[in-house]
Amino acid sequence: MDDSSSTASNVARAILAVLDYSSTPDTRKSAVEFLESIKSGDVRVLANTSFLLVKKEWSSEIRLHAFKMLQHLVRLRWDELSPAECRDVVNVSLELMSEVASACENWPLKSQSAALVAEIVRREGPNLWQEIFALLTSLSAQGPLQAELVLMTLRWLPEDITVHNEDLEGDRRRLLLRGLTQSLPEIFPLLYNLLERHFGAAMSEAGRQRVELAKQHADVVIACLNAILAYAEWAPVPDLARYGILSGCSFLLSSPDFRLHACEVFKLVCSRKRPSDASTAEFDSAISNLFQILTNVSREFLVRSSSISSVIDENDYDFAECMCESMASLGSTNLQCISSDGGVMAVYLQQMLGFFQHFKLGLHFEALLFWLSLMRDLLPKPKAAAYPSGEGSSAGGVDSSSQFDNEKKKTLSLINDEISGALLDVSFHRMLKKEKVPPEISLSLGPLELWSDNFEGKGNFGQYRSKLLELIKHTASHKPLISSTRISERVITLIKNLLASPAPLQDVAVMESEQLALECIVATIFDGSNELAGGSSEVHYALRGIFEGLLQQLLSLKWNEPELIKVHVHYLDAMGPFLKYFPDAVGNVINKLFELLTSLPHVVKDPATSTSRAARLQICTSFIRIAKAAEKSVLPHMKGIADTMGYLAKEGTLLRGEHNILGEAFLVMASSAGAQQQQEILSWLLEPLSQQWIQPEWQNNYLSDPMGLVRLCSNTSLMWSIFHTVTFFEKALKRSGYRKSNLNTTSVTTPASHPMANHLSWMLPPLLKLLRVLHSLWSPSVCPTLPPELRAAMTMADAERRCLLGEANPKLSKGSSIYADGSFDGTKEGQAEDIRNWLKGIRDSGYNVLGLSTTIGETFFICLDANYVAMALMENLQSMEFRHIRLFIHSFIVYIVKSCPADMWESWLGVLLQPLFIHCQQALSSSWPGLLHEGRAKVPDSFGVQNGSDMKLEVMEEKLLRDFTREVATLFLTMASPGLNTGLPVLEHSGHVGRVDMSTLTDLHAFKSNSLVGFLLNHKSVALPALQMCLEVFTWTDGEATTKVCSFCGVVVLLAILTNNVELREFVSKDLFSAVIRGLGMESNAINSPDLVNLCREIFIYLSDRDPAPRQVLLSLPCLSLSDLHAFEEAAAKTPSLKEQRQLMRSLLLLGAGNNLRALAAQKNLNVITNVTARSRLPANASETKANVGETIGLASVL
């Protein structure tokens, strides 16, 4: 007894040490290790100690932890107890539950006591349930405190059904579900009786002013509703109706204290899927009854909220929001239960429209989700229907086809012109964010709640606006005429208001918000997938009249403020798809754009007027957008555009950056004209650039050494000329036949198939020289000799630092540097910023040009020498900052790996990847230990901050390291892609040990030309640093990087299985196997633990009969015995199921590591019973939160 008391005292001290924030790390670590040793040691010591510590003489924190230790015992070590000992634990646990049924006990202790009993019932199953249920029923009759505890137990029982738990095998979960389902006829009547009895008692005691008793009964009602919620998610809906659960909850909808919890039950039931068995009719009946209940309550609310005299508080709105969610769930999941009755459906749609129109943002948002779901379901899929002969007659704008049944068409017909118009009007008005509304307009909106940054829990404004635009799109597809009329009227009204406004610039935000709606409607109606010619001429004529009238309004505007011109241009952009079908207006739009361009000054001396430069760039960009949208309608105007460009350039009023954008527009136009015209346009645009670009004089003067680049940075006009040349190369590659889909395949096109192929030979050599000398600026021998303004330009920009800190997400594009064109303000700071923009732009576009050049066929690989490319790009790799290497890998290396022909892997990838992998491995290996052990990542990047916050520096350093790590991991994922490893067969999924026939093993060289990973493994100088990174990534706390590298490791494992290479097999069997298990010891790998477990499974199943290392690695685990391993092998050999084998491996690893594999334990801990309550009990919850800390600190190392 003395020993037990002594152990209990030691455990209590350890618990307090873990929870004490003043404890030193070593003290806390020792305490956690001691607690873990108790949990994994003698099971009887664990039981006795825990039962001693749950007694009342100990503090709440210690008692709470002791309850969790008992739950651990029941969940994971129950089988180690004898039947008699199990019976003793059951009896003591039931006694404990009775003891804590006291008003003075903390709520978390009551909850954990109930959770313990529920855990025991789940372990013992039906044999114990009948006995315990009788005891629970008897206990619940003793009073409200006891009833609350019983209800907590009933609430925890289905935890392993509602929360996925990988520790619970499929058979046990099915048994639990079957047992609980069979017990519902006993559980549900008890729940209903307790609900009815204690609700009545609560009301009665409240009427007698007996507040404390009323509160105890109310707590029982809340506990009962929480228990019902645990069953409403999975129990048969007809049972919920049959035993009065739904009717009981419906009665509570009239009670302000309980209606929100009752509505939560309805929300769950409404989202249940309709069964396909014999209970369908009962299910439909229950859902229909729910619908009637919700309709009546929502009708009352909508009437009240529309009445001026009614007083509605936030509690009413919270309830209404939950009710709206319930009705939305019903419509999204079980509309078929009510859709056959047109009258009922009409009422339902009107009520959901009422919620959508409500001034409260929360109610509107929930209704928005419903309307989106409904319209997605009812409308046919894109690229299907032609426009109808009219609106509102046959499904109101949807062709009567067999794509959706008559019931859907009937429902769609109920969404008439009035409803569609209301949906559009509300969406138009809510496209604006509250923070952007001018004060005078805000007053006119009345109580309408627009989206605000303070609105939480519904995503961000961009996501919300996207939902509105999707609804507008669906409505436009359903009712094109109504949509066109409403948006036209709305835009014209806004234009008139702006013209009449004394301060039009303040109202720009309103105009801007509506442009997206116009763009959405025009794009939907005039989308090429909806052949406009397929509808009636009357509809076409009406649509043409509406948009011609709107276009005339836009063309007649005479705005001259840059901000207004930008909005004006956006509206002209939005009309692009209309111009495709009505090309007569294209000429007027182009003339208007040039008129707007020439109305703005091209020379900007005062930075305060830079909005003019931005507006000019916006106008030029509009040519691209209109060319893309209007397609061939623009072709007749190409000569006129070219002539105007030439005239403006001759006059000196068209800047180089603007010329580039217009040139890009020409490439877009040419793509609609055919290959021949595209070639001619490219030659016309590139020939003037090539004359300067290929000249040896500027290359010798500025690109021969770093000082040459210093001289170039002082020659502003030439510097920006080179910048615009490089950026136009990038645009030309993107717009001339390059398609992103090319990146998903290793096949390449012939050089002749791409119009840029003939230009690479003169474009790329000077670019490589430029990038080589740019890289050299960061060399330790060069950097100190540079002028101060250039060294300042090499540091990180403010915008980049803000991005790393998550303070903002500005678009760090070359566009900002285009504004400069050498027009900095003359100060050294301004000059440094200009040079910084130039360096960034050259690097970004230069890498992109190289990467895109690899995707257009073999020309890149033929016209360049791989050794020269490697020297130019890798020569100063050691001096590159992490942000630059990440960009280099992302924009060039990944592309060349995907695009390089297999017969050139040797000459290209072998040369490029070796120095890259060596450097990346060295850089990551030296940086990660600093972050893991010292809290500071060692990165080479220069932040340009003299007196910055240490915490901010730490955040930026860590972000840079993680981004770099993940980009390297993405490269590994790319190399492991199936398209680059076509020669690898798929393992047979029988999974038996030794399944691979030894006679079929081949030499690793056999995969040298048909598998990129096989190629790498055949080149040790490339493979060794890559494999070293694979081992180390499992010790870095970055789950995303680990996930990507796992794919690469999977291919390495596959090659070890398929080949007879001894070195590879030994590496996989020992080094990789150990590293993966170490990775499972990192909690950051919890999300990808299934992938790691599967790697372990494959290594052991397929290689343990060929190498002793897998068994040796497993047996080195601290808690694994030889008999455990033999039992695993026997069980794995018996099952062909991969899923079961993975589960067996997972269980074996957990057993062998003493449950100390954090990646697996983290997933398990998510599923261990946790407390859920709708009540606010801050002191109790706080203590429980503290108690949880001890479960996740300082688990011992696995190996």
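Bear in mind that the values here come from a model prediction, so they are computed numbers and not experimental data.

Student: Go over the nonpolar core, please, and point to the residues and values.
Tutor: Grouped together as the largest cluster of nonpolar side chains are 402 residues, with contacts concentrated most on L191, Y231, W371, F547, W838 and W908. The contact partners of Y231, leaving out residues within four places of it in the chain, are L154, L157, P158, L184, I187, F188 and L191.

Student: An account of the environment of I482 is requested, with residue identities and associated values reported.
Tutor: Mapped onto the elements of the fold, I482 is located in helix 23 (residues 480–500). Once the C-alpha coordinates of I482 and N416 are considered, the two residues, 66 residues apart in sequence, prove to be 10.0 Å apart.

Student: Run through the side chain of H754, naming residues and quoting values.
Tutor: Within the fold, H754 resides in the loop between helix 35 (716–735) and helix 36 (760–776). At a separation of 2.6 Å, a polar atom in the side chain of H754 contacts the main-chain carbonyl oxygen of S736.

Student: Tell me about the pattern of salt bridges, and name the residues and values.
Tutor: One pass over the full model with this rule turns up 55 salt bridges. Between R242 and E282 there is a salt bridge, with the nearest N and O atoms lying 2.8 Å from each other. Taken as a pair, R242 in helix 12 (residues 237–242) and E282 in helix 15 (residues 280–306) lie far apart in primary sequence, 40 residues in all. In this structure R242 comes out as partly exposed when scored by relative accessible area, which is 46%. Among the residues examined, E282 registers a relative accessible area of 40% and is labelled partly exposed. A salt bridge links R616 to E658; the shortest N-O distance between them is 2.7 Å. Note that R616 is positioned in helix 29 (residues 610–630) and E658 in helix 31 (residues 656–671), a separation of 42 residues in sequence. One salt-bridge network, in which partners are shared between bridges, spans E958, R962, R966, D1038, E1040 and K1044.

Student: An account of the packing of aromatic side chains is needed here, citing residue identities and associated values.
Tutor: A complete count under the given rule lists 41 aromatic pairs for this structure. On the basis of an interplanar angle of 50 degrees and a centroid distance of 4.9 Å, the ring pair of F594 and F623 is categorised as tilted. Pair noted here: F594 is in helix 28 (residues 586–598) and F623 is in helix 29, with a separation of 29 residues, a long-range link. On the basis of relative accessibility, which here comes to 8%, the residue F594 falls in the buried class.

Student: Tell me about unusual backbone geometry, and please be specific about residues and values.
Tutor: Positive phi values are uncommon outside glycine, yet Q209 reaches one of about 65 degrees. For Q209, a relative accessible area of 63% puts it in the exposed group. Of note, the phi angle at E631 is positive, near 55 degrees, even though the residue is not glycine.

Student: Talk me through empty space enclosed by the protein; I want residue IDs and the actual numbers.
Tutor: Across all of its chains, the model carries 4 cavities of 30 Å³ or more by this definition. In this structure, the second largest cavity encloses a volume near 50 Å³. Lining of the second largest cavity is provided by L924, T965, V968, A969, F972, M1029, V1033, W1036, A1041 and V1045. Examining the composition of the lining of the second largest cavity, we find that 4 residues originate from one element, helix 45 (residues 950–975), more than from any other. Of the residues belonging to the lining of the second largest cavity, the class tally is 9 nonpolar, 1 polar and no charged.

Reading the values: rules and limits
- Residues numbered from 1 in each chain as written.
- Predicted model: local features only at pLDDT ≥ 70, side-chain atom pairs only at ≥ 80, totals over all residues.
- Heavy atoms only, no water.
- Core = buried A, V, L, I, M, F, W, Y, C linked by side-chain atoms within 4.5 Å.
- Buried < 20%, exposed > 50% of the residue type's maximum accessible area, 1.4 Å probe, protein only.
- Contact = heavy atoms within 4.5 Å.
- Helix = DSSP H or I, 4+ residues; strand = E, 2+ residues; numbered from the N terminus.
- Polar contact = N/O pair within 3.5 Å; in protein donor to acceptor, adjacent residues only side chain to side chain.
- Salt bridge = Lys/Arg side-chain N within 4 Å of Asp/Glu carboxyl O.
- Phe/Tyr/Trp six-rings, centres within 6.5 Å; stacked < 30°, edge-to-face > 60°.
- 1 Å grid on protein atoms, 1.4 Å probe; cavity = no way out; pocket = protein on both sides within 12 Å on 5 of 7 lines; lining within 4 Å.
- Points joined across faces, edges and corners; volume = space filled by probe spheres on them.
- Nonpolar A, V, L, I, M, F, W, Y, C, P; charged D, E, K, R; others polar.

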